[in-house]
Structure formats: structure tokens, C-alpha cells
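Below are the chains, spelled out letter by letter.
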There are 2 protein chains.
Amino acid sequence: MPTDDAVRVALLLERSESLTSIQDAVRRYASGFGYDRFVLFSASASLDELVDRIYWVEGDWFGDGKAVDAKTYVRRCPVTRHILDIGEAFFWTKTLDQEGEHYRIVRKPQGPGIHGLQVPIFGPLGLEGAMSLGGEKIDASPAARLSAGLMATSAFLAARRLIEMPDRETPRVLSGRESEILAWTAAGWRQADIAATLGLSNRTVENHLRKARQRLGVATTAEAIRVAIRNGFIKG
Amino acid sequence: MPTDDAVRVALLLERSESLTSIQDAVRRYASGFGYDRFVLFSASASLDELVDRIYWVEGDWFGDGKAVDAKTYVRRCPVTRHILDIGEAFFWTKTLDQEGEHYRIVRKPQGPGIHGLQVPIFGPLGLEGAMSLGGEKIDASPAARLSAGLMATSAFLAARRLIEMPDRETPRVLSGRESEILAWTAAGWRQADIAATLGLSNRTVENHLRKARQRLGVATTAEAIRVAIRNGFIKG
DNA sequence: CAGGCAATGAGGGATTTCCCCCAATGGCCA
DNA sequence: TGGCCATTGGGGGAAATCCCTCATTGCCTG
């Protein structure tokens, strides 16, 4: 049963040192569930476009036998839009009739058409990326969903680790503590909570926040967050 | 090998219809990795009424035998503070010396002391909850980390589904005024200034901001800014 | 070795935001 | 036409943030 291997494949992916080996592992494992189309991308919904950077597109996604480039995929696949609503991996089905293609979110995809699994990957600040798997005859069991979901998550994290490697060091306008505390604030934590969690006094947290505002040249913490996100001092 | 059962246990948890059965499944499965202390809590720091809620605490985490509420737990367990940095499940170790307790994030916990695995669960809005597993002799292999992580994630989602049944979908859209005022706030304006500029009363501005926080499911305006930027409701 | 700067924390007070209610208007829709 | 919702506004009080100053420690650097 392929689900038995889920953890092993995830481990393998975690240790991968090249995108090629990630792809090989995913292809081999996912084919056991009937998938032969893949998309892997990072998403930071802050921009007008949901999709930030595409790591991998493969397969006959639109039934025209043509290779799909990243832009086309994003534009033509309405399923992508739902990853923010749903919050967990979900199955979808694409059917064809006189009027054209219809995408639907379903619990158990079956019958003719292309079916798929959409796996969003979330992090401390929300959506970070997603993997789409597609095929014509897929294993639509809950176990398959969980297993493929685990695999997809590991594949995404591994790919991102490899591709986003060139660790662009952010210009250090803010000191370490300042940006750290600003990040917690942006995550919705109050000063007192941050202080308690980091083992500091309320005063210190407050002082760091004020210093951060001064350095960023803004009046309010709310604005500091926007500016810090925009300049990459904290993740948005 | 217990990792083989990870997907099966996750499925079992997913289908659980009572907290008791979740707990039983977790106890049984996690004991195979050496865990005998558990904490399961939502840390959404948001979402209106269901803020920061402990679903399950078991085992003597702090050695004082007292009941712990969610905030206290999060504060007293220094491990929690790494959730934002790390973004994935991680091992930790607590050791004792003359000066007191020391928590450390480690790749491979071993030796004397209490060891544990911290599994954060993320969603579209960021951190939604976490599960902590602790024990004195635990399986610290990467496979165990992945397996227990999958189990913990499923346990959290199942518990939340059961405990927070009632309508937990918030329409994640802002009204015109709400996003307008949020945008001014993100630009560094104070409520009073916005009110004056837009020709409104302070109350109205305040009410719109509160409504916006509610709708975005966040606790603070600072977080609302981040989430709104991320979701494209206001420009970054 | 002095000076700068990060990190920590305090006192005390001024502002601001946040939270619980409540109510009136006007638009839209079934 | 009755219900839903956006928009507007209020009262009162609690909580949090913000602002000014000052001080200590420790690290690095010219």
C-alpha cells in the first residue's frame, strides 16, 4: 500500500539536494496514486497575483497535449484560488460539456475528466505555497489524500529550500531584536505577550518597538509593519 | 515500524467523533515514540470568541501539578517562541542545572531530561494551534518527527472541528469603508486623523476598524494590516 | 581605551486604542 | 415589505500603546 511509504518519501524529499531528485521522487511516488501532472509553486498573496514563483510545471494540464508554462497554468486554473478559503488539501474535478470546462471542489473525484489534489502549504504568516497534482484516474481515498498531502508538503519545503537558497541578506536597518519583535507584533501578539514569551520586560519590548518606529521613520506601529513588510525587514 | 501507521492514525483521528477517542488514539500511537505528556491548543490569537483555547493537557509539564491555561502555557514554555522562526515541527530538550530549567531546540534530543516535539499547525492566517508532545525517552529520528507531526496535525484539526463546531467561517472580505480606513491606518494615520480627514466621527472609524479585525479574524490592528496586505485588500 | 551601539529595563504620565453595549439611517433583495 | 447589512454615531470603562527621560551592561571598533 503506497500510503505506507508516505513518511519514507517525505524523508527522502526532505534530504534532496536537487530539484531533479525531488521531481523523480514525486513522479515515482505520485504515479502510484495515478498522478502524472504536477505544479509546484510558492505563493505570497500579498501581490496582485497569488502565485509568486513557480518551481515546477509538468504534464498535460489542459488536455491539449501542449506543455504548460507557468503563467498559463495560473491564469487558467481556477482551483488555485480556493487554497486560501479551504485551508487543507482538497480534491477537485474538471469536467467538459458544451459550455466548456468546469472545475469543482469535490470530496471524492470520480468519473471522466481530469481530477486533482490541491495541497496548500501554510507557515507562520499564512499561505506560503502549494502543490497541484493531477491525473485521469486517481486514488481518491482519504488515505491517498493524506499521503499525497504529506509528500507535497515535503516536496514544497525541499524545493523552496533549494531554490530560494541565495539567501538575500536583508539590509539591516532594524536591529535583530527590533525586527524580531516587530514580526511578532505583525503576527498579532501584544507587547505583554511578546515580553512574556521572549522573557523580557514590557518596557523592553516597548522600547524596541519605539526604536523600530524611529528607524523606519513612521509614526505608528501599524505603519511600521507595512513599511517593514515592503522593505523585506519582516516577512509579509 | 510505527511510522508505517502514521497515515492510518491520521485517518482515524480525522474521523474521530469525540475528544476521548482522539486522546486514546494519540496516547496509543505516541507511546510508541516514547511520549506521555500532551498539550493540544489553539493559538489563533484571533477568531473572536474562540481565542486561545486548550483542548487537552495531560502529564505533569511544569512539575507543579497545576492546571495551565493556554496563555500561561504558551508563555511558560519557551519552546513556543520558536514557532515563528522555524515553521516546522521541531525537537526540544529541557535540562536542569543549578540555575534552573533550560530549554533548547535541538536536532536530536538525547540524554537525561525531558524531551519533546513541538508541532505548530498553520493556516491561511498564520499560526492556528500547536501540539506538544513530551517524554523522557523519545524516538528522535526524522521519521518519528514526520510521523508524529502528521498525527499531531490531524489531532489538532479533528479536535478543533469537534470543539469549535459552530459557524467558524468568516467571510474574509472587507467592506469599502473598512478597507479604506485600514489603508489609512497602514499609512500611519491615527484614528482621530482619519476621522477628521474623512469627515467621520472617531467612533465610526473605531467601529470600522473593529469590524475589520473581526472579519479578518485577527486580534490586533497590526496583524490586520499584515493579513490585509497579504490578501490584497490593501496595497502593501 | 574611549565612544558607539545593541540590549535590557525603569518611572510617570499622556494618548490611543480596544471592548462591551446600543441605535438610526438607507440601500438592496427576495 | 421585512430582513440583512453597510454606514454612521454614541456612552462608559478597561486596556494597551506611546512618549519622555534616564541608567546599566556588554560587545565591538577605531
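Residues numbered from 1 in each chain as written. Chains lettered and ligands numbered in written order. Predicted model: local features only at pLDDT ≥ 70, side-chain atom pairs only at ≥ 80, totals over all residues. Heavy atoms only, no water.

Caption draft 1: Region of interest: the nonpolar core. Counting residues in hydrophobic clusters, the biggest one holds 76 residues, and the most contacted among them are V26(A), Y35(A) and V26(B). Setting aside residues no more than four positions away along its own chain, V26(A) makes contact with L13(A), S31(A), F38(A), W56(A), M131(A), M151(A) and A155(A). With 42 residues, the next largest nonpolar core counts A228(A), I229(A), I181(B) and V227(B) among its residues. (Core = buried A, V, L, I, M, F, W, Y, C linked by side-chain atoms within 4.5 Å. Buried < 20%, exposed > 50% of the residue type's maximum accessible area, 1.4 Å probe, protein only. Contact = heavy atoms within 4.5 Å.)

Caption draft 2: Inspection of the protein's contact with DNA strand D at higher detail. In the region of DNA strand D, 19 residues are neighbours, and E206(A), S175(B), R177(B), S201(B) and R203(B) sit closest. The protein-proximal atoms of DNA strand D, defined as those within 4 Å of the protein, are 59% sugar or phosphate. Between a phosphate oxygen of DNA strand D and a side-chain N or O atom of R177(B), the distance comes to 2.6 Å. When residues of the surface near DNA strand D are traced back to their parent elements, those giving at least two are α8 (202–216) of chain A together with α6 (176–186) and α8 (202–216) of chain B. A per-element tally of the surface near DNA strand D places α8(B) first, with 6 residues. Across the surface near DNA strand D, the residue classes break down as 1 nonpolar, 8 polar and 10 charged. (Near = heavy atom within 4 Å. Polar contact = N/O pair within 3.5 Å; in protein donor to acceptor, adjacent residues only side chain to side chain. Helix = DSSP H or I, 4+ residues; strand = E, 2+ residues; numbered from the N terminus. Nonpolar A, V, L, I, M, F, W, Y, C, P; charged D, E, K, R; others polar.)

Caption draft 3: Region of the structure containing the environment of P112(B). All names here are of chain B. One can find P112 in the loop between β4 (100–106) and β5 (114–123). The class for P112 is exposed, based on a relative accessible area of 69%. On a C-alpha basis, the gap between P112 and E136 in space is 7.5 Å, while along the polypeptide they are 24 residues apart.

Caption draft 4: Expanded view of the confidence of the model for chain A. Per-residue pLDDT for chain A averages 82, and the proportion of residues at 70 or more is 78%. The least confident element of chain A, judged by mean pLDDT, is helix α3 (residues 70–76) of chain A at 61; the most confident is helix α2 (residues 19–31) of chain A at 95. (pLDDT = per-residue confidence, 0-100.)

Caption draft 5: Representation of the environment of G116(B) in the model. All names here are of chain B. If you trace the backbone, G116 turns up in strand β5. Residue G116 is classed as buried on the basis of its relative accessible area of 0%. Residues G116 and Y35, spaced 81 residues apart in sequence, show a C-alpha to C-alpha distance of 7.8 Å. Once residues within four sequence positions are removed from consideration, G116 is found in contact with Y35, F90, F91, W92, L133, G134 and I138.

Caption draft 6: Focus on the packing of helix α6 (residues 176–186) of chain A against helix α9 (residues 221–230) of chain A. Residue and element names in this part refer to chain A. In contact at an axis separation of 10 Å, α6 and α9 are set at 105° when each is read in the N-to-C sense. As far as their axial angle goes, α9 and α6 are roughly perpendicular. Along the contact surface, α6 presents L182, T185 and A186, while α9 presents T221, A224, I225 and A228. Looking at the contact of α6 with α9, its residues break down into 5 nonpolar, 2 polar and no charged. (Axes fitted to C-alpha atoms, helices over the stretch in contact; angles between N-to-C directions. Parallel < 35°, antiparallel > 145°, perpendicular 65-115°, else oblique.)

Caption draft 7: Just the protein's contact with DNA strand C, in detail. With respect to spatial proximity, 19 residues lie near DNA strand C, and among them S175(A), R177(A), R203(A), H208(A) and E206(B) are the closest. The protein-proximal atoms of DNA strand C, defined as those within 4 Å of the protein, are 58% sugar or phosphate. Here a phosphate oxygen of DNA strand C and a side-chain polar atom of R177(A) are 2.7 Å apart. Take Q191(B): an N or O atom from its main chain is 3.2 Å from a phosphate oxygen of DNA strand C. When residues of the surface near DNA strand C are assigned to their parent elements, the largest contribution, 6 residues, is made by α8(A). Class assignment of the residues belonging to the surface near DNA strand C gives a composition of 1 nonpolar, 8 polar and 10 charged.

Caption draft 8: Here's a closer look at the packing of aromatic side chains. Counting across every chain of the model gives 8 aromatic pairs over all chains. Where Y29(A) meets F33(A), the ring centres are 5.3 Å apart and the plane angle is 90°; that geometry is what we call edge-to-face. On the basis of relative accessible area, Y29(A) is assigned to the buried category, the value being 7%. Consider the rings of W184(B) and W189(B), whose centres lie 4.7 Å apart with planes at 65°: the pair is edge-to-face. Here W184(B) falls in the partly exposed class, since its relative accessible area comes to 28%. (Phe/Tyr/Trp six-rings, centres within 6.5 Å; stacked < 30°, edge-to-face > 60°.)

Caption draft 9: Quick look at the side chain of T221(A). The topology assignment puts T221(A) in helix α9. Of the polar contacts made by the side chain of T221(A), one reaches the side chain of R213(A); its length is 2.9 Å.

Caption draft 10: Highlighting the side chain of S179(A). Topologically, S179(A) is positioned in helix α6. Beyond its immediate stretch of four places on either side in the chain, S179(A) contacts L174(A), F233(A) and I234(A).

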